[in-house]
Amino acid sequence: MTQEMIITTEDCTGCARCVKVCPVFEANRVETGKIIVDPQNCIACGACFSVCRHDARDYADDTEVFLENLKKGKRYSLLVAPAFALNYPKQYKKILGYLKSLGVDHIYSVSHGADICTWAYITYLKKTGKSGMISQPCSSIVNYIEHHRPELISQLMPVQSPLLCEAIYLKKYMGEKNDLVFLSPCIAKGLEIKDENTKGIVTYNVTFQKLLAAIGDSY
């Protein structure tokens, strides 16, 4: 968890509102009057964005490199979070069509991965008789447990997130050959995607906000 996902900008005043809502106190340190994020401890939950009044936080994703590679002729297939249509009900079809025009071959909904994930949960619980397990769709929660509450690791469901369930299904059973890109509402998915345990099955995390900012009115 050393990748720097959330960045403090020069607009930080050191007001410490972000520290008050951060679930990991150690994820913040003070340097020259600014609250700096420690990537060793940050779980990339994004809570600090909701309280910052100075636009002093930014985050990293893979939008820029994804679009650059599309322009160079690289082919990708896109995994789309169901929240995309919900957040952009009037634009999402045009945006996805625009991405296909740039070189995206196939588009898949992660809702199918959620169905796989749910089936796996039910199967596991019936088989083992266990209950009260912690689900894994939220990368921030998994990061928090792995790095700050390791005593709870045994309580995590041994099932991948809906994103990875879908990616594994596509690669293993559907013969998908392209690199997979996640169109995502979540900063922390970048940590999940780049975790060595996920074996690079998904290549990029492209967030809604960064993508729309990058393409502007092009679609």
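That block above? That's the structure.
A. Fine view of the sheet that holds strand E6 (residues 104–109). Ordered in space as E6-E5-E7-E8, the four strands form an open sheet in which the pairing is parallel. The sheet terminates laterally at E6 and strand E8 (204–207), the two strands that pair on one side only. The mean angle between the axes of side-by-side strands here comes to 25 degrees, regardless of whether they run parallel or antiparallel. When strand E7 (residues 179–184) meets E8, the two strands line up parallel, connected through four bridges. Each bridged residue has a counterpart across the sheet, and for Ser-184 the counterpart in E8 is Thr-207. Relative to E8, helix H3 (residues 63–71) is tilted by about 105 degrees, and along the sheet it contacts strand E5 (76–80), E6, E7 and E8. Against the sheet, helix H8 (residues 162–172) contacts E5, E6 and E7, and its axis sits at roughly 155 degrees relative to E7.

B. Region of the structure containing the pattern of salt bridges. Enumeration according to the criterion identifies seven salt bridges in this entry. Arg-29 is paired through a salt bridge with Glu-31; the nearest N and O atoms lie 2.6 Å apart. Note on Arg-29: relative accessible area 36%, which makes it partly exposed. A salt bridge links Glu-192 to Lys-189, with the nearest nitrogen and oxygen atoms 2.7 Å apart. One end of the pair, Glu-192, and the other, Lys-189, are both in helix H9 (residues 189–194), three residues apart, so they sit about a helical turn from each other. Residue Lys-189 is classed as buried on the basis of its relative accessible area of 7%.

Conventions and cut-offs
- Residues numbered from 1 in each chain as written.
- Predicted model: local features only at pLDDT ≥ 70, side-chain atom pairs only at ≥ 80, totals over all residues.
- Heavy atoms only, no water.
- Pairing = 2+ DSSP bridges.
- Helix = DSSP H or I, 4+ residues; strand = E, 2+ residues; numbered from the N terminus.
- Axes fitted to C-alpha atoms, helices over the stretch in contact; angles between N-to-C directions.
- Contact = heavy atoms within 4.5 Å.
- Salt bridge = Lys/Arg side-chain N within 4 Å of Asp/Glu carboxyl O.
- Buried < 20%, exposed > 50% of the residue type's maximum accessible area, 1.4 Å probe, protein only.

None of the figures reported here should be taken as evidence of function without further support.
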